[in-house]
Every structure is written in structure tokens, then in C-alpha cells.
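Chains, contacts and geometry: an overview
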Amino acid sequence: MSKVIVVGGGPARMFAAIAAAENGHEVTLLEKNEKLGKKLYITGKGRCNITNAGDMDALFDNVMTNSKFLYSAFYTYDNQKVIDFFEENGLPTKIERGNRVFPVSDHSSDVIATLQRVLKAKNVEIRLYTRVETLLTENSGEMEQKVVGVRLSDGKELPADGVILATGGFSYQTTGSTGDGYRFAREVGHSVTEIHPSLVPFYAVESYVKEMQGLSLKNVRVRIRDGKKLLYDEFGEMLFTHFGVSGPLILSASAAIKPALTKKQLPMEIDLKPALTEEQLDQRLLREFEEAKNKQFKNSIGHLFPTKMIPVMLELGGIDPEKKVNEITREERQGFIRLIKAFPVTLNGLRDFNEAIITRGGVKVKEVNPSTMESKLVKNLYFCGELLDLDAMTGGYNLQIAWSTGYLAGNSIF
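An account of the accompanying structure is given in this report. Fair warning: this is a prediction, and the values are worked out from it, not measured in the lab.

Some details on the overall build of the chain
Counting its secondary structure elements, the chain contains 13 helices and 22 strands. For the C-alpha atoms alone, the extent of the chain along its principal axes is close to 85 × 40 × 35 Å. Counting over 414 residues, the chain shows a buried share of 56%. Sequence-distant contacts, at least 24 apart, represent 72% of the contacts inside the chain between residues at least 6 apart. Here the chain has roughly 18100 Å² of accessible surface; of this, 47% comes from carbon and sulfur atoms. For the chain, the distance from the average position of its 52 positive side-chain charges to the average position of its 52 negative side-chain charges is 2 Å.

Structural notes on the pattern of salt bridges
If you walk through the whole model with that rule in mind, you get 22 salt bridges. Among the salt bridges present, the one from Arg-151 reaches Glu-157, with a minimum N-O distance of 2.8 Å. A relative accessible area of 29% places Arg-151 in the partly exposed class. Measuring nitrogen to oxygen at the nearest pair gives 2.7 Å for the salt bridge that ties Glu-355 to Arg-351. Given the relative accessible area of 15%, Arg-351 is considered buried. Here the residues in one salt-bridge network are Arg-47, Lys-94, Glu-96 and Asp-106, joined through shared partners.

With respect to the packing of aromatic side chains
A complete count under the given rule lists 16 aromatic pairs for this structure. Relative to Phe-85, the ring of Phe-15 lies with its centre 4.8 Å away and its plane at 70°, an arrangement referred to as edge-to-face. In this pair, Phe-15 sits in helix α1 (residues 11-22) while Phe-85 sits in helix α5 (residues 79-88), placing the two residues 70 residues apart along the sequence. According to the relative accessible area criterion, Phe-15 is buried, its value standing at 2%. Consider the rings of Phe-240 and Phe-343, whose centres lie 6.5 Å apart with planes at 70°: the pair is edge-to-face. With Phe-240 in strand β15 (residues 229-240) and Phe-343 in strand β18 (residues 343-350), the pair connects residues that are 103 residues apart, well separated along the chain. By relative accessible area, which is 1% here, Phe-240 ends up buried. The buried category is assigned to Phe-343, whose relative accessible area is 0%. Sitting over the ring of Phe-102, Arg-47 keeps its end group 3.9 Å from the ring centre. Lying over the aromatic face of Phe-243, Arg-351 brings its terminal NZ or CZ to 3.7 Å of the ring centre.

Each value, and the rule that gives it
Residues numbered from 1 in each chain as written. Predicted model: local features only at pLDDT ≥ 70, side-chain atom pairs only at ≥ 80, totals over all residues. Heavy atoms only, no water. Helix = DSSP H or I, 4+ residues; strand = E, 2+ residues; numbered from the N terminus. Buried < 20%, exposed > 50% of the residue type's maximum accessible area, 1.4 Å probe, protein only. Contact = heavy atoms within 4.5 Å. Areas by Shrake-Rupley, 256 points an atom, 1.4 Å probe, with all protein chains shown as cover. Lys, Arg positive; Asp, Glu negative; His and termini not counted. Charge placed at Lys NZ, Arg CZ, Asp CG, Glu CD. Salt bridge = Lys/Arg side-chain N within 4 Å of Asp/Glu carboxyl O. Phe/Tyr/Trp six-rings, centres within 6.5 Å; stacked < 30°, edge-to-face > 60°. Lys NZ or Arg CZ within 6 Å of the ring centre and 35° of its normal.

As C-alpha cells, then:
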């Protein structure tokens with residue numbers, strides 16, 4: 001029986017440990033935290049968006065970096081197999097808007113408990129409060145070097161026939177994702193691409209954005225440009241915060257825009273009424289104004305916008321708030337329509353890794369065998385999950401990467 005060490009206690013590493021144990025290996029999972037799955041616990045706002053039930057094309061389309069590398073991983077262990085795994089192990093699932101898959105209980109703790117039950121059933125040894133200091137390697141005849149174990153922070157060495165590195169990225173550092181895996185990889189000769197926060201909120205320049213803190217906008221359209229180039233154009237939900245903007249639309253934008261561009265000021269437009277053309281919106285305004293023709297403008301738009309937004313719309317609208325509705329000119333009305341269809345926000349940078357759902361960048365995938373997840377540089381060393389230079393949009397896609405690469409690593413070892 002071969003000894004396999006899995007470093008890390010998140011979703012990819014738990015799946016890797018399960019798959020390796022199913023193949024008859026003696027598996028030890030090392031986790032520096034006091035429990036497994038700390039980051040998994042907070043995903044999906046504590047509900048855990050397990051995967052996405054879309055078709056295979058949707059999976060690949062929503063991977064932002066190195067999607068072709070995932071061909072073997074996704075086809076070996078696809079989203080339906082993930083759903084089946086949890087269902088067969090006592091965790092019912094449900095599919096919500098956007099094909100997002102959640103546990104019926106809406107508790108991420110149930111996902112972690114299911115994984116822990118399976119790990120126990122497969123006789124995986126779990127060592128908590130155990131920090132790995134470095135990988136142990138020696139020269140090999142077949143390759144330049146091979147991994148032979150790990151050294152712990154207390155100096156103790158644990159021998160192994162194979163090691164699966166699944167230490168996560170650099171996001172949500174309070175959960176233990178402090179980038180240790182990047183150092184381990186570099187120490188044995190691997191390259192690590194520049195890392196950036198992804199699926200993360202943006203800062204905004206305008207003071208009126210902060211005035212709307214806590215306001216969530218549903219069914220709006222967001223467009224972000226760099227000069228004349230349209231970088232992002234999507235429909236959904238967003239949120240104003242004390243520093244700028246957040247919410248699903250904004251998080252997805254951070255993943256879709258190249259890292260260099262997220263560091264500069266980018267103009268964003270919010271279409272507050274995307275279901276209406278400018279002509280239809282004009283007709284609606286005329287109806288609203290007709291019903292309130294003797295009112296002041298400031299008292300005539302209450303039905304059009306959330307309460308927190310009305311002072312800002314009056315500030316930017318180009319119409320004197322005290323003006324009677326029946327005195328508003330066509331030009332003023334047209335200007336107000338343009339504001340509704342293109343509400344301006346200037347983005348000027350991303351929040352940091354502590355608020356990023358995932359890390360963009362990681363171990364170069366060209367140095368990893370996509371069919372097995374084994375290092376091309378170090379024999380019997382495997383990588384999986386967020387440690388690799390792989391990232392995707394929100395909606396369960398990043399966890400699917402974790403499950404698929406974790407399973408493939410655990411299933412391929414030796």
C-alpha cells in the first residue's frame with residue numbers, strides 16, 4: 001500500500017484524499033487550521049454553491065483562465081458526478097437560478113459534514129493543526145527529482161510515496177489561504193504566475209455612490225468600457241457599498257476584465273431600466289408626469305427608483321428639483337432618460353485578497369500534466385484546485401474546478 005500525503009483541507013484536497021483512498025492508498029490529510037473546509041464554509045454566503053448544472057460548454061465558457069487545461073478533469077469528473085456524489089452520500093441538492101446547485105438545507109456545514117463522513121469511511125487520516133514547512137525531494141533516475149515526503153513546521157519529517165498539493169490560493173487569508181503552496185511549488189522549480197484578487201468588489205470614485213450604501217439593484221444592466229472598447233456587458237444584480245460597488249454583476253466583472261485594466265479608472269454605466277427602450281421610457285415618464293403635473297419634480301419620481309437613490313437622481317438629473325413637472329422641457333426629460341439608461345460610476349481599483357472569493361494566477365499549468373495533475377518537473381507530486389493558474393466566474397464553476405482537479409489528482413496518483 002502506497003502512502004499519499006494531501007496538503008490542505010479545502011474542497012479540492014478533500015476530494016483528492018477521497019479518490020486516492022478509493023484507489024487503495026494509505027492517505028494522510030494535513031491541515032494547518034483547527035478544522036477542515038473553513039473557506040468552503042463561507043462560500044455562497046454560507047449556503048455553498050456546490051457546482052453549476054449547465055452543460056459542458058457552459059462549464060468551459062465560464063472558466064476565465066486556461067480552460068483547455070481542464071478538458072480531462074471536467075470530462076473525468078463532471079458536474080453531474082459531483083451532484084451524484086453528494087446525493088449518494090446523503091446530501092440532497094437543488095438547482096436554482098442560473099443553474100446554481102445548492103444543498104437543499106442551504107447550509108455549507110452540511111457539505112463539509114458529508115465530505116468528512118466519506119473521508120472517515122475511506123479511512124483517511126486527518127491531522128489538524130499541522131503546518132507543512134517544505135516538500136522533501138531527492139534525485140530520480142527518470143526525472144530530475146521526485147517528492148519523498150514533507151517536513152512539518154516542528155521539524156518532523158513525514159515520508160510519502162506521493163504528495164498532492166492543494167493549499168488553495170491567496171484569497172480569504174483568514175481561512176488559511178496564505179499562499180504557502182506557491183512557495184512549495186517554487187522551491188521545487190515550478191513557476192508561479194502573478195496573482196491577483198478575483199471575484200472581488202470595486203472601489204468607486206463618486207461620493208454619491210457611498211451615499212447609497214446598502215442599496216441593492218436587481219434586474220439592471222452594467223457596462224464597463226476602456227475608451228471605446230466594451231469590456232463587460234451583463235444583466236443581473238449589484239450592490240452599492242461604503243467604498244464602491246459589489247454584488248454578483250460586479251464580482252463577475254472583476255473576473256472578466258484583465259488584471260492590468262482593473263488598476264486604472266474605468267467608466268461604468270448602469271442601465272436602471274434595461275427592459276425599456278429610451279422611447280418606452282419616455283412614454284412612461286410622460287405618464288408619470290401627467291399624473292403629477294402640478295407637483296414639483298422632486299416629488300414626482302418616487303415610483304421610479306428606490307428611496308435611497310432618489311436624492312442622487314435629483315442631483316445628477318439636470319432638472320431643478322423645485323421645478324413644476326408641467327414646466328419640464330423635452331430636452332430636460334431626454335437628459336433624465338439618458339441618466340436612467342446610463343447611470344455613471346467610475347471604477348478605480350479592486351478591493352484586496354481578504355474580500356476576493358478566488359485568486360487569479362498560480363502554478364503554471366504548462367508545467368502540470370492535464371491528464372493526471374502530476375508535475376512535469378517533480379515525480380509523484382500533484383497539484384489541484386485554486387493553487388493552479390485557473391479561475392472562473394461565479395455560479396459554482398470554481399468549486400467544479402476544485403472537485404474535478406482534486407478527483408483527477410487523487411485518482412491518477414501512481
